[in-house]
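A look at the structure
Chain by chain, the residues run as shown.
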Amino acid sequence: TLTMDDAFMQWYSQLGGTSEPPCEGNTPGWVDSAGDGCWWYEMFDVPGCPEEGDLYAGPMGTAREHCCYCWMDAPTSAPTISTSPTLTPHPTSSPTVSSSPTLTPAPTDDPTMDDDFMQ
């Protein structure tokens, strides 16, 4: 006889998903109060099951007690996104020393006349 977990994994693998659980050690036959096994938490919660792992206790207990996925380390905090620019230090007034010289154009003997100069 197929359990709900087995039936789900067969269906999920037909859709292209992996039928391999992300870990080992689930309590065989465990289901929550809705009749869902550990696969549900693997699909709809993050490792450690912080959202749903302590809810919906079945006759044997909660997902955190019976699903290896819910024993995994959960992220300690969500990444933060800043909408303000990151400020960098402003330039200092101290000169910098360069080991290579800066070339400037060579002077010419032909003067140039600026139209503004003649007015």
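First, a word on scope: everything that follows refers to the structure included in this document. (Residues numbered from 1 in each chain as written. Predicted model: local features only at pLDDT ≥ 70, side-chain atom pairs only at ≥ 80, totals over all residues. Heavy atoms only, no water.)

**Things to note about unusual backbone geometry**
For Cys49, which is not glycine, the phi torsion reads 50 degrees and is therefore positive. For Cys49, the position within the fold is in the loop between helix H2 (38-44) and helix H3 (63-66). You will see that Tyr56, though not glycine, has its phi angle at about 55 degrees, which is positive. Note that Tyr56 resides in the loop between H2 and H3. (Helix = DSSP H or I, 4+ residues; strand = E, 2+ residues; numbered from the N terminus.)

**Quick look at the state of the cysteines**
Applying the stated criterion across every chain yields a total of 3 disulfides. Shown here is the disulfide that connects Cys23 with Cys68, its sulfur atoms set 1.8 Å apart. Looking down the S-S bond of the Cys23 and Cys68 bridge, the torsion is 85 degrees, so its handedness is right-handed. In this pair, Cys23 is assigned in the loop between helix H1 (4-14) and H2 and Cys68 in the segment after H3, connecting sequence segments 45 residues apart. Look at Cys23 and you get buried, because its relative accessible area is 16%. Here Cys38 is linked by a disulfide to Cys67, with a sulfur-sulfur distance of 2.0 Å. For the disulfide bridge between Cys38 and Cys67, the dihedral angle about the S-S bond is near -85 degrees, and by the sign convention the bridge is left-handed. Residue Cys38 is located in helix H2, and its partner Cys67 is located in the segment after H3; the two are separated by 29 residues in the primary sequence. Accessibility assignment for this pair places Cys38 and Cys67 in one class, buried. By sequence-ordered numbering of the bonded cysteines, the chain has its disulfides arranged as 1-5, 2-4, 3-6. (Disulfide = S-S within 2.5 Å. Buried < 20%, exposed > 50% of the residue type's maximum accessible area, 1.4 Å probe, protein only.)

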